[in-house]
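Residues per chain are reported as follows:
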Amino acid sequence: MSFTRRAVKVPPNSASLEEARHRVIDFFKTACRSIPTIIDIYNLDEVATVSELRSSVAAQIRKNSHLTNTKVIDMLLLKGVEEFNNIVEHAKQRHHIIGQYVVGQKGLVQDSGTKDQGDSNFLKNFYKSNYF
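Sequence positions are assigned chain by chain, starting from 1 and proceeding in written order. Local features are withheld for residues below a pLDDT of 70 in this predicted model, meaning they are given only at 70 or higher, and side-chain atom pairs are given and counted only at 80 or more; totals for whole chains, interfaces and linings count all residues. Excluded from the side-chain calculations are hydrogens and water; all other atoms, namely the structure's heavy atoms, are used.

Visitor: What's the story with the nonpolar core in this structure? I'm lost.
Guide: One broad rule of soluble globular proteins: the nonpolar side chains tend to lie buried together. We define the nonpolar core as a collection of buried residues of types Ala, Val, Leu, Ile, Met, Phe, Trp, Tyr and Cys that are connected through side-chain atoms lying within 4.5 Å of one another. Remark: exposure states derive from per-residue accessible area (1.4 Å probe, protein chains only) relative to the maximum for the residue type, with buried under 20%, exposed over 50%, and partly exposed in between. Formed by 24 residues in total, the largest nonpolar core has its most connected members in I38, Y42, L44, L53, F84, I87 and I97. The way it works is that DSSP assigns letters per residue, a run of H or I at least four long becomes a helix, a run of E at least two long becomes a strand, and they are numbered from the N terminus. Those elements that place two or more of their residues in this core are α1 (17-42), α2 (50-62), α3 (70-88) and α4 (94-106).

See below:
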């Protein structure tokens, strides 16, 4: 499936902070253009929309927006390109994508209702000590 993406190559070092940020923006645009294809590859139609995945990718990039060292930015960009290539070349399974980019963005949804406390004292003590 490598035909679905533009060849993303990262030169070893950015000359300036402006160049590094420009390369990050180009990578983000390339990743966003590939999201519909990724949804088709992994059959993510029922669990995520294009905008949800786009915001998840944007959140990953914004998480490091405070960095000013070009070598660190280049290293993170290289890691992002490798992750992108693994996803597009189907080196990851569907549950990896869902866990990292769909559920990871929202957090695990847990039942906030009360559990059945049971009849035994053992279970009552267990639920008291281990249930959050």
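Visitor: Quick question: what am I supposed to make of the packing of aromatic side chains here?
Guide: To describe a pair of aromatic rings, you give the distance between the ring centres and the angle between the ring planes. Classification of ring pairs rests on two measures: the distance between centres of Phe, Tyr or Trp rings, Trp counted by its six-membered ring, which must be within 6.5 Å, and the angle between planes, read as stacked under 30 degrees, edge-to-face over 60 and tilted in between. For the structure shown, the criterion picks out one aromatic pair. On the numbers, 6.0 Å between centres and 90° between planes, the contact of F27 with F84 is edge-to-face. Note that F27 is positioned in helix α1 and F84 in helix α3, a separation of 57 residues in sequence. The same class applies to F27 and to F84, which are both buried.

Visitor: Please explain unusual backbone geometry as it appears in this structure.
Guide: Residues other than glycine seldom take positive phi values, yet N43 does so here, at roughly 55°. With respect to the secondary-structure elements, N43 resides in the loop between α1 and α2. Assessed through its relative accessible area of 49%, N43 is described here as partly exposed. Although it is not a glycine, H90 sits at a positive phi angle of roughly 60°. With respect to the element layout, H90 can be found in the loop between α3 and α4. Relative accessible area serves as the criterion here: at 42%, H90 is assigned to the partly exposed category.

Visitor: Is there a simple way to explain the confidence of the model for the chain in this structure?
Guide: Detail in the predicted coordinates should be disregarded across regions flagged by low pLDDT. Per-residue confidence from the predictor is reported as pLDDT, which spans 0 to 100. Averaged over every residue, the pLDDT of the chain is 82; residues scoring 70 or more account for 79%. Low confidence marks residues 108-112, where pLDDT is under 50. Its contacts with residues over four positions away, or in another chain, come to two contacts. Only heavy atoms enter the contact rule, under which two residues are in contact if any of them lie within 4.5 Å.

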